[in-house]
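Fold and geometry: a report
If you want the building blocks of each chain, they are given just below.
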Amino acid sequence: MLVGTRRIISVLCWFAFVLATISTTESVAWAQAQPSGGFLDSATSNGLRPMLSAGQIQTFLPQRGTFTFPSPYSTTGVRLTNASDCGGQDCVSSVGYSYWNNTNNHVGSDTMLVFLGLERRKGGGGPTLFSYNKKTGETKNLGPMFSADSPYSWSSGEGWYFSASQPNTVYMNDGPRMLRYDVMNHSTSEVYNVETLLGSGRIIWQMHSSNDDKVHSATVRNSSSYAMLGCVAFNAGTGKTTYVAAKGDFDECQIDKSGRYLVVKENVDGKDGEDNRIIDLQTGAETIFLDRDGAAGHSDLGYGYMVAEDNFYSKPGATRVWQLGQDLHASGQGRLVYEISSWEAGLGHVAHGNAKPGDSTGQMACVSSSTRKNLARVNEIVCFRLDGSMSTLVVAPNMVDLNASGGGSDDYWKDPKGNIDVTGEYFIWTSNAGSSRLDAFIVRIPQDKLGVTPGAPAPSPVSPAPTTPAPTTPAPVTPAPTPAPITPAPTTPTTPSTGSATWMSLVNVTASGATLTKSGGCSGCPDASAVSQQQISGRGTLQFATDDTSSLRFVGLGSGGIGTAPGSINFAIRLQGGVAEVRESGVYKSETGFRAGDAFSVIVNNGAVTYAKNGSVFYTSAGAATSPLRAVAVFFDPSGSIRNVTIGSSGAAAAGELPAAPSAELSAAASTAPAGTRYAVARPAGSKPVRKR
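A quick note: this is a predicted structure, and the numbers were derived from the prediction, not measured.

1. Some thoughts on the state of the cysteines
Under the defined criterion, the tally for this structure stands at four disulfides. With a sulfur-sulfur separation of 2.1 Å, cysteine 231 is cross-linked through a disulfide to cysteine 253. What sets the handedness of the cysteine 231 and cysteine 253 disulfide is the S-S torsion sign, and at about 85 degrees it is right-handed. A residue pair is termed long-range when its members are at least 10 positions apart, and cysteine 231 in strand S13 (residues 228–235) and cysteine 253 in strand S15 (residues 249–255) qualify at 22 residues. Residue pairing for cysteine 522: its cysteine sulfur links by disulfide to cysteine 525, the two sulfurs lying 1.7 Å apart. Because the sign of the S-S torsion sets the handedness, a value of about -115 degrees for the bond joining cysteine 522 and cysteine 525 places this disulfide among the left-handed ones. Note on cysteine 525: relative accessible area 9%, which makes it buried. Bonded cysteines in the protein chain are paired 1-2, 3-4, 5-6, 7-8 when counted in the order they occur along the chain.

What follows is the structure, given as structure tokens:
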């Protein structure tokens, strides 16, 4: 060949190589800008893809950073961890649950932050921060979030989560305290202390927050026995505290992303499985949603709705959408949005961290699960629209092999319980990839294929600080009419025996022994209340005393629930300025004077209701108690209180008065963490949370 010809060919080859390189570079840049891959399917489809072997997985996995899943998925994945992060051991903790975000709000930033638990006892550094550059794909281990001498470095990080709006804030629990931790400057601030709000001997567990960081919920447990006591919701903007005591076999509670609705999961009726108590924190209304009617087990919450698996539905893995604050049995409720093809596998955990305000039908949720059998969409990461179209996006294989040793001997910790970021574009989970260790992965979701747009809130520059609400002028109290002559007191009836009251709900009220005190809310506002766990049915007595003659309080027996208003108490005594008025459903009936130290009783005897002071009846009601009644107290003024509160019901045991049995989860077993780490470790080694259906 002539020399000139060879030169021309060389130039042409070089030019072709440059064009190919430019084309590849542009393709990679475009892939970073616009998620690619994935394919649409139907939730009713039985189509199968072969499960990948460990050898096949290793052909496309890098040591760290971006990669492409094989056809037919072709989505972009990110490997976050490798053996060097664990000294070659199996130290990566399972990404825990679909509703605790391991990724930050990265809107407007090239870099996403991720935190993972790397078990120190297995070669890791404790909770560790990672970064992923969305433009270049560069993935880094930024190091442990805590120094080696910090007790938090021994935590698994389970139950911790990134704020939905503050890019650098992780919420974490430390015994009775909920904390904000800044992952960049390593500063810590307290959100609340449940012992300050509700009294000593309590810790918090399974925390959640509204997307604006104003309302936070948590399970409340006994600090000694770890028994489940109930749920607390705290509004960091107003300082309002709502406590909901457990009624039955308590699992957990979660605040919705709007901060208005609290969903409590517990077996209320002792039948079937887990029921739901749905509480409107604005109105105090409580709705009981039974398991057999569709109550949520595996679920996540949006803005005023929940996406939940219904195990009583006729389809396996049936996932339905329920609007909160509405009649759950009305037409249109429980819209079916997803199902799986076989009863041989579970749906897995539902992730909806990408929720945005507004109609749910234009949004999506994702699920991830695993099984030893190759069943349609079970061993894959799948997202679906919430409009009932059953339109499904198959995103990636989850690469979990339940027979491999990575993740330990319990399948529960191998399951890909992943969560989705606030934009809906990135899904994170852990997988053993058929190996002897777990690693963490991210996949980019081409949500445009489902016709869904990103739903992330704009990041907030600062953490919200609790503020003291401005005093408001109380609503005028209807003037009492001139009282009718008081009927001479009849012979005092025999009073049934009473016992200490336990409280189903405490809103801006602190209970200390048998004393209730208003501890939050505004001056002159009826925004502090207590509702008893016990009920009186047929025959029983509420007793209380007061050393305070000036503050305004309503105390009595009512059929309402959480957040009962003064005018809704069926049989109440209104105390203020040394005058005790009888008010029935807000209507004035009679009055008597009182002094500090006086004791009052509201007595129900076969439906007849009488009011007594210091043992002498001063009014007998013309109405009758026809339904079960709880003790209710509503306080208007700061530090208003009542003491020696007791309630008793003869005959059948007081309804709702259930013993607090020790929980299987978080037993009193000693932690394996070093001394001084009382609250740093999420739970004793080897124990695991309650498994939802």
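So much for the structure itself; the text now carries on.
2. Concerning the packing of aromatic side chains
Tallying each qualifying case throughout the model produces 23 aromatic pairs. Where phenylalanine 146 meets tyrosine 181, the ring centres are 4.6 Å apart and the plane angle is 35 degrees; that geometry is what we call tilted. With a gap of 35 residues between them, phenylalanine 146 in the loop between strand S6 (139–144) and strand S7 (161–162) and tyrosine 181 in strand S9 (residues 177–182) connect regions that are remote in the sequence. On the basis of relative accessible area, tyrosine 181 is assigned to the buried category, the value being 2%. Centre to centre, the rings of tyrosine 192 and phenylalanine 234 are 5.3 Å apart; their planes meet at 45 degrees, and the pair counts as tilted. One end of the pair, tyrosine 192, is in strand S10 (residues 188–193); the other, phenylalanine 234, is in strand S13, with 42 residues separating them in the sequence.

3. A look at the pattern of salt bridges
For the structure on display, the rule yields 26 salt bridges. In this structure, arginine 177 engages aspartate 174 in a salt bridge whose closest nitrogen and oxygen atoms are separated by 3.0 Å. Between lysine 518 and aspartate 527 there is a salt bridge, with its nearest N and O atoms 2.8 Å apart. Accessibility expressed as a relative area gives 4% for lysine 518, which makes it buried. With relative accessibility at 24%, the residue aspartate 527 sits in the partly exposed group. The structure contains a network of salt bridges with shared partners spanning Lys247, Glu266, Arg277 and Glu286.

4. Here's the deal with the side chain of threonine 423
Relative to the elements of secondary structure, threonine 423 occurs in the loop between strand S27 (419–420) and strand S28 (426–431). A residue is classified by how much of its surface remains accessible, and threonine 423, at 9% relative accessible area, is buried. A polar side-chain atom of threonine 423 sits 2.7 Å from a polar atom in the side chain of aspartate 421.

5. Re the sheet that holds strand S3 (residues 76–79)
Paired through their backbone hydrogen bonds, the strands of a sheet run either parallel or antiparallel. Overall, antiparallel pairing links the five strands, which are arranged S2-S3-S29-S28-S27 in an open sheet. The outermost strands of the open sheet, each flanked by one partner alone, are strand S2 (65–68) and S27. As paired elements, S28 and strand S29 (residues 439–444) share six bridges and run antiparallel to each other. Residue pairing in the sheet places tyrosine 426 in a bridge with arginine 444 of S29.

6. Side note on the nonpolar core
By size, the foremost hydrophobic cluster in this structure holds 72 residues, and its most contacted members are Tyr192, Leu262, Trp503, Leu506, Leu516, Phe544 and Tyr611. The dominant element in this core, judged by the number of residues it contributes, is S13, at five residues. Setting aside residues no more than four positions away along its own chain, leucine 506 makes contact with Leu198, Thr241, Thr242, Tyr243, Ala511, Leu516, Ser529 and Ala530. In terms of nonpolar packing, the next biggest core, distinct from the first, is built from 26 residues, Met399, Phe427, Ile445 and Leu450 among them.

7. Here we look at the sheet that holds strand S25 (residues 380–385)
With respect to topology, five strands assemble into an open sheet ordered S1-S26-S25-S24-S23, the strand pairing being antiparallel. Strands at the two margins of the open sheet, each flanked by one partner only, are strand S1 (39–42) and strand S23 (349–351). The sheet shows a mean angle of 35 degrees between the axes of neighbouring strands, direction not considered. In terms of strand pairing, S1 meets strand S26 (residues 391–397) through four bridges, oriented antiparallel. Within the sheet, the bridge partner assigned to aspartate 41 lies in S26 and is threonine 392.

8. Points about unusual backbone geometry
At the junction of serine 71 and proline 72, the peptide bond is cis and its omega measures out at 15 degrees in the coordinates. Relative to the helices and strands, proline 72 resides in the loop between S2 and S3.

9. Examining the side chain of asparagine 101
Tracing the backbone shows asparagine 101 in the loop between S3 and strand S4 (111–118). Owing to a relative accessible area of 9%, asparagine 101 belongs among the buried residues under this scheme. Non-local contacts of asparagine 101, meaning those with residues more than four positions away in its chain, are made with Phe115, Tyr161, Phe162, Asn419, Ile420 and Val422.

10. Quick look at the pairing of strand S12 (residues 215–222)
Within S12, seven of the eight residues are buried, which leaves it mostly tucked inside the rest of the structure. Both strand S11 (residues 202–209) and S12 contribute to a ladder of six bridges, which runs antiparallel. Note on S12: the bridge partner recorded for isoleucine 203 is arginine 221. Following S11, the chain reverses through five residues before pairing antiparallel with S12; aspartate 213 in that reversal takes a positive phi of roughly 65 degrees. For S12 and S13, the ladder comprises seven bridges, and the chain directions are antiparallel.

11. Structural notes on the confidence of the model for the protein chain
Predicted confidence across the protein chain gives a mean pLDDT of 83, with 82% of residues reaching 70 or more. Confidence drops under a pLDDT of 50 for residues 651–693, and excluding neighbours within four residues, the segment shows 96 contacts in the predicted structure.

The rules we used
- Sequence positions are assigned chain by chain, starting from 1 and proceeding in written order.
- Given that the model is predicted, a residue must reach a pLDDT of at least 70 before its local features are reported, and side-chain atom pairs must reach 80 or more before they are shown or counted; all residues, however, enter totals for whole chains, interfaces and linings.
- Each side-chain value is derived from all of the structure's non-hydrogen atoms; neither hydrogens nor water enter the calculation.
- The disulfide definition used here is simple: a pair of cysteine sulfur atoms within 2.5 Å.
- Helix and strand definitions here come from DSSP, where helices need a minimum of 4 consecutive H or I residues and strands a minimum of 2 consecutive E residues; each element is numbered from the N-terminal end.
- Residue exposure (1.4 Å probe, protein chains only): buried if accessible area is under 20% of the type maximum, exposed if over 50%, otherwise partly exposed.
- Ring geometry is summarised as follows: Phe, Tyr and Trp rings, the Trp one being its six-membered ring, pair when their centres sit within 6.5 Å, and such pairs are stacked at plane angles under 30 degrees, edge-to-face over 60 and tilted between the two.
- Any Lys or Arg side-chain nitrogen located within 4 Å of an Asp or Glu carboxyl oxygen qualifies as a salt bridge.
- Definition of a polar contact: a pair of N or O atoms within 3.5 Å, with one able to donate and the other able to accept a hydrogen when the atoms are protein atoms, and with sequence-neighbouring residues admitted only if both atoms are side-chain atoms.
- Pairing between two strands requires that DSSP report at least two bridges joining them.
- The definition of a nonpolar core used throughout is a set of buried Ala, Val, Leu, Ile, Met, Phe, Trp, Tyr and Cys residues joined through side-chain atoms within 4.5 Å.
- Residues count as neighbours in contact if any of their non-hydrogen atoms are within 4.5 Å of one another.
- Orientation is described by axes fitted as lines to C-alpha atoms, over the contacting stretch for helices, and by angles from 0 to 180 degrees between their N-to-C directions.
- Confidence of the predictor at the level of single residues is given by pLDDT, which spans 0 to 100.

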